[in-house]
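Secondary and tertiary structure notes
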Amino acid sequence: MPDQSRSGTGEQAKQQALTQLRQAILQGDMAPAQRLVENELAEEFGVTRASVRAALIDLAAEGLVERIRNRGSRVRVVTVEEAVAITECRMALEGLCAAKAAVAASDEQLAQLADVGAAMTKAVADGEPVTYSELNQQLHFLIREFSGQPVALELLDRLNGQLVRHRFQLALRPGRPQQSLGEHLAMIEAITARDPKAAEAAVRAHLTGVIDALRE
């Protein structure tokens with residue numbers, strides 16, 4: 001069926017393909033270096049090949065996809081060295097967000113952070129690394145949300161998307177959740193104490209530990 005006659009056309013179709021592709025990459029359903037064949041994806045999503053191509057161009061701009069001349073597209077491979085560089089950038093931005101959250105968060109929001117900390121402690125005690133990893137992501141997301149810093153939030157969303165594979169591998173490394181739990185609890189403690197300097201320092205200490213783990 002020619003592209004022009006398919007029903008999934010236009011900006012809505014592109015957004016549909018973009019959302020589904022981004023979700024598949026971020027959830028690890030598509031592996032690094034996996035080829036992204038436009039015809040196959042168009043058939044799967046019920047959109048045109050042009051819509052898929054436009055979505056892939058956007059994902060390339062986000063750093064999730066790599067477009068290779070005359071060879072099509074693939075899920076971008078992020079090396080350890082690049083993951084370290086991205087984490088160094090996260091350190092500055094997430095430290096800023098933690099400091100802002102320590103000042104701006106409501107009492108109810110601080111209680112949410114404490115609840116996540118308690119759930120993380122339980123996940124470690126129960127030996128549930130996948131649950132711990134999900135709670136880890138939730139904690140960092142909430143701190144960014146409570147900071148009231150939309151520019152940092154947007155930048156971090158892009159950076160974190162590129163680290164999904166490394167983050168999942170670290171979460172499953174034996175002993176890693178036990179090692180990072182104290183770092184996360186220190187972040188929560190400093191923010192709930194409304195101490196912006198301590199909150200920023202705690203985030204920087206935690207992400208320094210992440211960099212060390214990435215290099216191991």
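Residues numbered from 1 in each chain as written. Predicted model: local features only at pLDDT ≥ 70, side-chain atom pairs only at ≥ 80, totals over all residues. Heavy atoms only, no water.

1. Observations concerning the overall build of the protein
The secondary structure content of the protein amounts to ten helices and three strands. Walking the protein from its N terminus toward its C terminus, one meets helices and strands in the order α-β-α-α-β-β-α-α-α-α-α-α-α. Viewed in the frame of its principal axes, the protein has a C-alpha envelope of about 60 × 35 × 30 Å. Counting over 216 residues, the protein shows a buried share of 44%. For the protein, long-range pairs separated by at least 24 residues make up 76% of all intrachain contacts whose partners lie at least 6 apart in sequence. In the structure as shown, the protein presents an accessible area of about 11200 Å², 52% of it carried by carbon and sulfur atoms. The positive charge centre, built from 24 side chains, and the negative charge centre, built from 29, are 7 Å apart in the protein. (Helix = DSSP H or I, 4+ residues; strand = E, 2+ residues; numbered from the N terminus. Buried < 20%, exposed > 50% of the residue type's maximum accessible area, 1.4 Å probe, protein only. Contact = heavy atoms within 4.5 Å. Areas by Shrake-Rupley, 256 points an atom, 1.4 Å probe, with all protein chains shown as cover. Lys, Arg positive; Asp, Glu negative; His and termini not counted. Charge placed at Lys NZ, Arg CZ, Asp CG, Glu CD.)

2. Description of unusual backbone geometry
The backbone of Ala33 shows a phi angle near 75°, a positive value even though the residue is not glycine. Structurally, Ala33 is set in the loop between α1 (10-26) and β1 (35-36). The partly exposed category is assigned to Ala33, whose relative accessible area is 35%. Even without being glycine, Arg194 reaches a positive phi, approximately 55°. Inspection of the secondary structure puts Arg194 in the loop between α9 (176-192) and α10 (196-215).

3. A word on the sheet that holds β1
Overall, antiparallel pairing links the three strands, which are arranged β1-β3-β2 in an open sheet. Of all the strands in the sheet, just β1 and β2 (65-68) have a single pairing partner and so form its edges. As paired strands, β2 and strand β3 (residues 72-75) are joined by four bridges and run antiparallel to one another. Bridge pairing in β3 places Val65 opposite Val75. Along the sheet, helix α3 (residues 49-61) contacts β1, β2 and β3; its crossing angle with β2, the most-contacted strand, is approximately 115°. (Pairing = 2+ DSSP bridges. Axes fitted to C-alpha atoms, helices over the stretch in contact; angles between N-to-C directions.)

4. Quick word on empty space enclosed by the protein
In total, this model carries one cavity of 30 Å³ or more according to the counting rule given. There is about 30 Å³ of room inside the largest cavity. Lining the largest cavity, in full, are Glu94, Cys97, His140, Ile143, Arg144, Met187 and Val203. With three residues, helix α6 (residues 129-147) is the largest single contributor of residues to the lining of the largest cavity. Among the residues making up the lining of the largest cavity, the classes are represented as four nonpolar, one polar and two charged. (1 Å grid on protein atoms, 1.4 Å probe; cavity = no way out; pocket = protein on both sides within 12 Å on 5 of 7 lines; lining within 4 Å. Points joined across faces, edges and corners; volume = space filled by probe spheres on them. Nonpolar A, V, L, I, M, F, W, Y, C, P; charged D, E, K, R; others polar.)

5. A short note on the environment of Ala24
Relative to the helices and strands, Ala24 is located in helix α1. Taking the C-alpha atoms as reference, Ala24 lies 24 Å from Ala85; in sequence the two are 61 residues apart. Excluding residues that lie within four positions of it along the chain, Ala24 makes contacts with Asp29 and Met30.

6. Some details on α6
In this model α6 runs 27 Å from its N-terminal to its C-terminal C-alpha over 19 residues, within 8% of the 27 Å that 1.5 Å per residue would give. Looking at α6, one finds that the buried residues are Tyr132, Ser133, Leu135, Asn136, Leu139, His140, Leu142, Ile143, Arg144, Phe146 and Ser147. Following α6 by one or two positions, Gly148 has its phi on the positive side, about 65°. (Expected span 1.5 Å × (residues − 1).)

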